[in-house]
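Chain by chain, the residues run as shown.
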Amino acid sequence: MVKEESIRSWKEIITPANNLLKVDTKEIWRYRDLLWILVRRDITAIYKQTILGPLWFFIQPVLTTIMYVLIFSRIGKFSTAGIPPVIFYLSGLVLWLYFSECILRTSTFFKDNNAIFSKVYFPRLIVPLAIIFTNLIKLSIHLALFFLVYAFYLLSDTIIQPNASALLFPLLILMIGFLGLGMGIIISSLTTKYKDLVHLVSFAVQLMMFASPVLFPLSSFDGSPLKLLIMANPMTGIIETFRYGLLGIGKLNYALLGYDISFIISLLVIGIITFNAVEKDFVDTI
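Attention in this report is confined to the structure presented alongside it.

The rules behind each value
Residues numbered from 1 in each chain as written. Predicted model: local features only at pLDDT ≥ 70, side-chain atom pairs only at ≥ 80, totals over all residues. Heavy atoms only, no water. Helix = DSSP H or I, 4+ residues; strand = E, 2+ residues; numbered from the N terminus. Buried < 20%, exposed > 50% of the residue type's maximum accessible area, 1.4 Å probe, protein only. Contact = heavy atoms within 4.5 Å. Areas by Shrake-Rupley, 256 points an atom, 1.4 Å probe, with all protein chains shown as cover. Arc of directions from axis to C-beta.

Quick look at the overall build of the protein
1) Next: The number of helices and strands found in the protein is 14 helices and 0 strands.
2) Next: Shown N-terminal to C-terminal, the secondary structure of the protein runs as helices and strands in the order α-α-α-α-α-α-α-α-α-α-α-α-α-α.
3) Next: Every one of the 286 residues in the protein was classed for burial, and the buried ones make up 45%.
4) Next: Contacts in the protein between residues far apart in sequence, at least 24 positions, make up 80% of those at least 6 positions apart.
5) Next: Accessible area for the protein stands at about 15,500 Å²; split by element, carbon and sulfur atoms hold 68% of it.

Things to note about helix α10 (residues 198-210)
1) Next: Along α10, the residues classified as buried are V201, V205, M208 and M209. Taken down its axis, α10 places every buried residue within 100 degrees of arc, on the same side. The exposed residues of α10 that point more than 90 degrees off its buried face are H199 and L200.

Quick word on the side chain of N135
1) Next: In this structure, N135 sits in helix α8 (residues 126-156).
2) Next: Since its relative accessible area comes to 2%, N135 is described here as buried.
3) Next: In this structure, N135 is in contact with Y98, E101 and C102, ignoring residues within four places of it in sequence.

Below, the structure written as C-alpha cells:
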C-alpha cells in the first residue's frame, strides 16, 4: 500500500498561494473550456423566459439614449459640442454600460458562486473572467447599434470627422475590461466580510457616471474646479479618446490616457493581492 502511494502520480496538487501577486495563467488556460461554458450559460440565462429575448440587448441603450436626449438635450439644453445628441450620448453610453455591467456582476461573484466554490475546485478567476467576456459579447451588440447610427450621421453630417486615433479603440475596450475586473474583484473580496458593501456599489457606479463625460463633453467644464474631479475618473480619458477618434470632438490627451492606464494597472495589482488573500478562507467567512 505504501509502495502504491509512493508511485502514484497526481495530476494536480492544490496548494494555497503563498505569493499574493501570483496569477496562474497556465492553469486558467487549461480551464478555458469551462470559461466558455460559463459564458454561454450566462448569455442564455440573461434573457431566458423573456418576451423579447435578445432584443433587450438593443432596447436598453436605445431607451436610455432617448431619455438622455429628452432630458439633457431638449429640456436641459446641455451642450454636446456640436455633435448630434443621439450619437453623442450613445457613444458614451455603450462604453459605460460595459464598464458598469463588469463591476456590478463581478462585485458579487464570490457570494453568487459560493455553493459551487465550496464543492468543486477550479481557478476562481475563471468566474469573473467569464463575466467580462459575457459583457464583451453584449458590448459587441451595443456597438453594432452604435455603428449603424454612426454610419447614418457620418454619411449625412460633415460635423463628424473620424481620425487615426480611432485605431486605439481595441486598447480602450481592453482598458475598460481590466478596470471593471479590478474594481469588481476588490469589491467582491471585501464583501465576503462586509456584506452591506454590495448595496453601495450600484449607487457608487451611478455617481461615477455623473462624474464622467458620458452626458457632457469634458470641454464644458473648462475653468471649473469640477474638471479635476471628472478627470480623476478613470473612464474619462477612455470616453474622451473614443469620441475624439470617431467623432472628432475634443482632443487626444496623452497625459489623461496615461493616468487611466496607470490607475488600471495599480487597481489590478491591488485586486490580485486582495483576491489571493481572501481566496484562502472565503468559504468560511461568506
